[in-house]
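Examining the three-dimensional arrangement
As a plain string of letters, each chain reads:
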Amino acid sequence: MTATTPRRDFGRFLTEQRNPRTMELDRVPLAEALRIINEEDAQVAAAVGRVLGDVERAVELIVERRRRDGHVVFVGAGTSGRLGVIEAAEQTPTLETPDPVYQAIIAGGPECVFKSSEGAEDDADEGGRQVALRGVGASDVVVGIAASGTTPFVHGALAEAKRRGAGRVLVVCNLTGMPDDAADVVVAPLVGPEVITGATRLRAGTACKMVLNMMTVATMVRTGKVYENLSVDVPKQSDKLVARATRIVRTLTGAEEAEARAALEAAGYRAKIAVVMLRRGVDRAEAERVLDRADGFLRAALEA
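The shown structure was predicted, so the numbers you read here are calculated from the model rather than taken from an experiment.

Rules of the game
- Residues numbered from 1 in each chain as written.
- Predicted model: local features only at pLDDT ≥ 70, side-chain atom pairs only at ≥ 80, totals over all residues.
- Heavy atoms only, no water.
- Helix = DSSP H or I, 4+ residues; strand = E, 2+ residues; numbered from the N terminus.
- Buried < 20%, exposed > 50% of the residue type's maximum accessible area, 1.4 Å probe, protein only.
- Contact = heavy atoms within 4.5 Å.
- Areas by Shrake-Rupley, 256 points an atom, 1.4 Å probe, with all protein chains shown as cover.
- Lys, Arg positive; Asp, Glu negative; His and termini not counted.
- Charge placed at Lys NZ, Arg CZ, Asp CG, Glu CD.
- Expected span 1.5 Å × (residues − 1).
- Salt bridge = Lys/Arg side-chain N within 4 Å of Asp/Glu carboxyl O.
- Core = buried A, V, L, I, M, F, W, Y, C linked by side-chain atoms within 4.5 Å.
- Pairing = 2+ DSSP bridges.
- Right-handed = clockwise from strand over helix to strand, strands pointing away.

Looking only at helices and strands, one finds 12 helices and seven strands in the protein chain. When the backbone C-alpha atoms are referred to their principal axes, the protein chain occupies close to 65 × 50 × 35 Å. By the burial criterion, 48% of the 304 residues in the protein chain qualify as buried. Counting contacts in the protein chain only where the partners sit at least 6 residues apart, residues at least 24 apart contribute 66% of the total. About 14,700 Å² of surface is accessible on the protein chain, with carbon and sulfur atoms providing 50% of the total. Each charge class in the protein chain can be summarised by its mean position, and for the 40 positive and 43 negative side chains these summaries are 1 Å apart.

Structure below.
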C-alpha cells in the first residue's frame with residue numbers, strides 16, 4: 001500500500017452495506033423483485049442531483065484544460081474502468097474529436113474490458129505507471145472512477161497525475177476512508193447500499209455513468225460543439241451520421257435536401273461550416289474564418 005492509497009476498511013463502506021429494502025429479494029415473486037429493483041434504481045438520479053455543484057466544478061476544470069488542447073484520461077478498475085472505456089470510446093464517433101483527446105486506462109489492460117484480472121485494482125504503482133506512459137501533463141485531466149472511492153490503482157494514477165501537474169477529478173459513491181487530497185474535484189453521488197450487497201455495477205455504476213455523461217456532454221456544450229441542442233460537430237463516420245448532419249444543416253438553414261448535401265460536401269462534411277456558408281452566403285474559406293474568429297462557436301459565428 002502506497003502513501004497515496006486510502007485505508008480500505010471494506011466493512012465500513014456505504015457501498016458494501018446491506019440494503020434493508022431488499023432483504024427478501026430471494027423469496028418474493030419475480031414481479032415484486034423487479035419492482036424493488038426499479039424503485040432502487042429510481043433513487044439514482046436524485047443522488048446525482050445532490051452533487052451537481054461538484055459536477056459543475058469538474059466540467060469547468062475539464063473545459064479549462066481542453067482549451068489548452070489537453071487530454072481527458074478516464075481511469076478505473078472493473079466496472080468503473082469499463083465505464084471509462086465506454087465514455088472515451090463514445091466521443092470520437094459522435095463528435096469531431098481527434099482520437100487521442102479522450103483516453104481510457106483500465107486496470108489489468110484492455111483485455112480486462114471483457115474479463116477480470118485478480119489483484120489488478122490493488123496495484124497503485126501500476127496505476128501511476130500507466131499515467132506516466134500516456135505522457136500526461138499539466139494541460140490534461142485525469143478522471144478517476146471508483147465506486148468504493150478507495151481503489152489503489154485509481155489513486156496511484158491520480159497521485160502520478162498530481163506530480164505531473166494535471167487536473168484531477170474523482171467520481172465515487174462512498175466517502176469513507178477518502179483522503180482529503182484525493183483530487184481537485186470529488187464528485188460523490190451517495191446512492192447507498194446496493195440491491196445485491198456490494199454489487200456496485202448496479203446503482204453505483206449507474207450513478208457514475210450518469211455523472212460521466214453529464215461531464216462530457218456539458219464539456220461539448222462549453223467548447224462549441226453544440227448549437228441549441230444539436231451536435232453540430234457530428235463527423236462523417238457513417239451514412240447515418242451523414243444523414244444526421246444533413247438534417248442539422250436543413251434544420252438550421254431551411255435548405256432543401258440537395259442544397260444541404262451539396263453544402264456539406266463543399267464544407268468537407270463539417271456541418272458548422274455548411275451552416276455558416278448557407279446562412280451567410282459565403283464560401284468555405286470565409287466560413288472557416290468566421291468560425292475561427294468565433295472560437296468555433298456556431299451561435300457566435302451566426303450572430304457576428
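Now that the structure is up, let's keep going.
Inspection of the secondary structure assignment puts I145 in strand β3 (residues 141-146). Considered as a pair, I145 and V172 are 27 residues apart in the sequence and their alpha carbons are 6.3 Å apart. Excluding residues within four positions of it along the chain, I145 makes contact with F74, V75, G76, A77, S80, G84, V154, L170, V171, C208 and L212.

This part covers helix α8 (residues 239-253). With 15 residues, α8 ought to run about 21 Å at 1.5 Å a step, and its terminal C-alpha atoms sit 21 Å apart, in line with that. Count one or two residues on from α8 and you reach G254, which has phi positive near 80 degrees.

According to the stated counting rule, one finds 23 salt bridges in the structure shown. Measuring nitrogen to oxygen at the nearest pair gives 3.9 Å for the salt bridge that ties R299 to E303. Remark: E303 and R299 occur in helix α12 (residues 298-303); sequence separation between them is four residues, near one turn of the helix. A residue is classified by how much of its surface remains accessible, and R299, at 41% relative accessible area, is partly exposed. In this structure E303 comes out as exposed when scored by relative accessible area, which is 59%. In this structure, a network of salt bridges that share partners links the residues R250, E256, E257 and R261.

With that settled, consider the environment of R57. Relative to the helices and strands, R57 resides in helix α3 (residues 52-66). Separated by 233 residues in sequence, R57 and V290 place their C-alpha atoms 31 Å apart. Those residues within four positions of R57 in sequence are excluded, and the remaining contacts are D184 and V185.

In this section: the nonpolar core. Membership of the largest hydrophobic core comes to 32 residues, with the highest contact counts inside it found for F74, V143, V169, V171 and M215. Breaking this core down by element, the ones donating at least two residues are α2 (44-49), α3, β1 (72-76), α4 (78-94), β3, β4 (167-172), β5 (185-187) and α7 (203-222). Filtering out sequence-adjacent residues up to four positions away, M215 remains in contact with V55, A58, V59, I62, V143, V169 and V171. Of all hydrophobic cores here, the second largest spans 27 residues; its members include L230, A263, L264 and V275.

This part takes up the pairing of β4. Look at any regular strand and the pattern is simple: side chains alternate between the two faces of the sheet. Of all six residues in β4, six are buried; the element is thus mostly enclosed. Pairing of β3 with β4, which is carried by six bridges, proceeds in the parallel orientation. Within the sheet, the bridge partner assigned to V141 lies in β4 and is G167. Between the parallel elements β3 and β4, the chain passes through helix α6 (residues 152-163) in a crossover that is right-handed.

On to the environment of A45. Inspection of the secondary structure puts A45 in helix α2. Each C-alpha atom, one on A45 and one on T206, is 9.0 Å from the other, the two residues being 161 residues apart in sequence.

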